[in-house]
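As a plain string of letters, each chain reads:
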Amino acid sequence: MVKRKISEGVQLLAAVDWGRRLFDSLIPLPDGTSYNAYLVEGSEKAALIDTVDPTMTGVLGGQLREVPELNYVVAHHGEQDHSGSLPFVLERYPRAKVLVSLKGKEILSDHLHIPEEKFQVVQDGEEVSLGNKTLRFLYTPWVHWPETMVTYLKEEGILFTCDFFGSHLATSDIFAREEQVLEPAKRYFAEIMMPFRAAIEKNLEKIRGLSLEIIAPSHGPLWKNPSFILEHYQKWVSAPPENLVVLPYVSMHGSTRLMVDYLSDELIKRNVRVAHFELPSSDLGKIAISLVDAATVVLGTPTVHAGAHPYALFIASLANALRPKLKYATIIGSYGWGGKTVEQITQALGNLKVEVLPPVLAKGLPRETDFRALEKLAEEIASRHEGLKEE
Ligand code: FEO
């Protein structure tokens, strides 16, 4: 991808990863992703804002070919998809200083072994002049590592945010087509940001006072209408959960699936929205997206080797790690002779502040009594969801 102008003296150096299909060896990327660096050239000095994934150093190198000198490289975040090409950049521009938060210096030293003399630590609120352009650094910890910060280019009203407000979308567009980018942005939020909702809310507050023309993240397209993504982030972090049940399930011989379908119909009859995800074939990103809004998760699992099915346990531990706003959880499924399925799943959800509703486990193929129990569970969920919003 060639470098492209965003405004006078500011260029987007995007490395678009059209073919990447998995992030963090975990979340599928149906639409690829990008790693965005930015070049800001003032009347006296030039700064590179972040670098790109080490697999795409060559793309960044090509975009920097006609850039004779860099005075600074701003490193917002130590994770390698943004910092991985830093050693290459520092070799090409040996006089460049790495502008970094105090914690960022430690992290970059650990992950990339950047020498001490390369760093220039900037404090929260500090400004660095490039001549006719000024970079102001704002610490925004825990979006999504402890060292993360953002940079405000005062004269242009551009906020460079690295992961914050990013989206997993490979595109040739500079600016987001909002409705197209919303799901990739929510997929990104669900996996990376959701566990740190309290910190994100504080950081949203911190940047709300800035006069913003453009939000320029380091994944996906830029936001020309910053309020669009700011409002969605506010909702994702702080709005009450919705009238939605997420129902990931695995079935070996059909009994658990029968129960899932029955419960699902009983919930729908009671005006509760349901999102089904058969395991292991479902997209984990879609499950994570649904968890952003849901009030309840019901895990459907057979008992295998005296415990929950490993795929169900995996989803429980994923939900536990992502820490969504869930208020209720339970388990349904079939067993052959006994086991510790309920104990295992509830233990795996230990981080979540959820009320565990009575589980429904059928011995073998579900009988009438099991279907009555599922109706009762649907009634319990519907009554607890009363008053929750629909989207
Ligand atoms: Fe896009 Fe936390 O790295």
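None of the values given here were measured: they were computed from a predicted structure.

(A) Inspection of the overall build of the chain at higher detail. Of regular secondary structure, the chain possesses twelve helices and 22 strands. Looking at the chain alone, contacts between residues at least 24 apart form 72% of all its contacts between residues at least 6 apart. Here the chain displays about 15900 Å² of accessible surface, and carbon together with sulfur accounts for 51% of that area. On the chain, the mean spot of the 41 positive side-chain charges and the mean spot of the 50 negative ones are 1 Å from each other.

(B) Structural context of the sheet that holds strand E2 (residues 10-17). The strand order across the open sheet formed by seven strands is E1-E2-E5-E6-E7-E8-E9, and the pairing between neighbours is mixed. Strands with a single pairing partner mark the edges of an open sheet, and in this sheet they are strand E1 (4-7) and strand E9 (119-121). The mean angle between the axes of side-by-side strands here comes to 30°, regardless of whether they run parallel or antiparallel. When E1 meets E2, the two strands line up antiparallel, connected through three bridges.

(C) Quick peek at the packing of helix H10 (residues 310-322) against helix H11 (residues 341-348). At a closest axis distance of 8 Å, the pairing of H10 and H11 adopts a crossing angle of 25°. The pairing of H10 with H11 is recorded here as roughly parallel in orientation. On H11, the residues that touch Ala 312, Leu 313, Ala 316, Ser 317 and Asn 320 of H10 are Gln 344, Ile 345 and Ala 348. Of the residues assigned to the contact of H10 with H11, the class counts are five nonpolar, three polar and no charged.

(D) Structural context of the packing of aromatic side chains. Within this structure, the stated rule accounts for ten aromatic pairs. Taking the centre distance of 5.2 Å and the plane angle of 45° together, the rings of Phe 189 and Trp 236 count as tilted. Pair noted here: Phe 189 is in helix H5 (residues 178-193) and Trp 236 is in helix H7 (residues 226-238), with a separation of 47 residues, a long-range link. For Trp 236, a relative accessible area of 2% gives the class buried. Members of the aromatic cluster, connected to one another through ring pairs, are Phe 164, Phe 165, Phe 189, Tyr 233 and Trp 236. Note that Lys 224 overlies the ring of Phe 175, its terminal NZ or CZ placed 4.6 Å from the centroid.

(E) Structural detail: the domain arrangement of the chain. Entries for the chain in the domain assignment read domain 1 (4-238) and domain 2 (242-384). Placing a centre on the C-alpha atoms of domain 1 and another on those of domain 2 gives a separation of 38 Å. Domain 1 puts 17 residues into the contact, and the matching count from domain 2 is 17 residues. When domain 1 packs against domain 2, close to 1400 Å² is buried across both sides, 64% of that on carbon and sulfur atoms. Among the residues domain 1 hides against domain 2, the three largest losses belong to Lys 186, Arg 187 and Met 194. Together they make up 33% of the total. In this structure, Arg 187 and Asp 283 form a salt bridge, with 2.7 Å as the shortest nitrogen-oxygen distance. One can count seven residue pairs in polar contact (both at pLDDT 80 or more) joining domain 1 with domain 2. Secondary structure elements with two or more residues in the side of domain 1 that touches domain 2: strand E4 (27-28), H5 and H7. By residue number, the principal contributor to the side of domain 1 that touches domain 2 is H5, which donates six residues.

(F) Structural context of the pairing of strand E14 (residues 214-217). Alternating residues of E14 divide into Ile 214 and Ala 216 and Ile 215 and Pro 217, and every residue in both groups is buried. Here strand E13 (residues 158-162) pairs with E14 via four bridges, running parallel. Note on E14: the bridge partner recorded for Phe 160 is Ala 216.

(G) The pairing of strand E8 (residues 97-100), seen in detail. In the sheet, strand E7 (residues 72-74) pairs with E8 via three bridges, with the strands oriented parallel. Within E8, the residue paired with Val 73 across the bridge is Val 98. The parallel pair E8 and E9 is bridged by helix H4 (residues 102-112), and the resulting crossover is right-handed.

(H) Highlighting the side chain of Ser 264. With respect to the helices and strands, the residue Ser 264 is situated in helix H8 (residues 255-269). The class for Ser 264 is buried, based on a relative accessible area of 6%. Leaving out residues up to four positions away in the same chain, Ser 264 has contacts with Leu 247, Val 274 and His 276.

(I) Quick peek at H7. For H7, built from 13 residues, the straight-helix expectation of 18 Å at 1.5 Å per residue is met to within 8% by its first-to-last C-alpha distance of 18 Å. If you check which residues of H7 are buried, you get Pro 226, Phe 228, Ile 229, Leu 230, His 232, Tyr 233, Trp 236 and Val 237. Buried positions along H7 lie against H5, helix H6 (197-208), E14 and helix H9 (284-293).

Scoring rules and cut-offs
Residues numbered from 1 in each chain as written. Predicted model: local features only at pLDDT ≥ 70, side-chain atom pairs only at ≥ 80, totals over all residues. Heavy atoms only, no water. Helix = DSSP H or I, 4+ residues; strand = E, 2+ residues; numbered from the N terminus. Contact = heavy atoms within 4.5 Å. Areas by Shrake-Rupley, 256 points an atom, 1.4 Å probe, with all protein chains shown as cover. Lys, Arg positive; Asp, Glu negative; His and termini not counted. Charge placed at Lys NZ, Arg CZ, Asp CG, Glu CD. Pairing = 2+ DSSP bridges. Axes fitted to C-alpha atoms, helices over the stretch in contact; angles between N-to-C directions. Parallel < 35°, antiparallel > 145°, perpendicular 65-115°, else oblique. Nonpolar A, V, L, I, M, F, W, Y, C, P; charged D, E, K, R; others polar. Phe/Tyr/Trp six-rings, centres within 6.5 Å; stacked < 30°, edge-to-face > 60°. Buried < 20%, exposed > 50% of the residue type's maximum accessible area, 1.4 Å probe, protein only. Lys NZ or Arg CZ within 6 Å of the ring centre and 35° of its normal. Domains from an automatic or database assignment. Buried area = accessible area lost by both parts, 1.4 Å probe. Salt bridge = Lys/Arg side-chain N within 4 Å of Asp/Glu carboxyl O. Polar contact = N/O pair within 3.5 Å; in protein donor to acceptor, adjacent residues only side chain to side chain. Right-handed = clockwise from strand over helix to strand, strands pointing away. Expected span 1.5 Å × (residues − 1).

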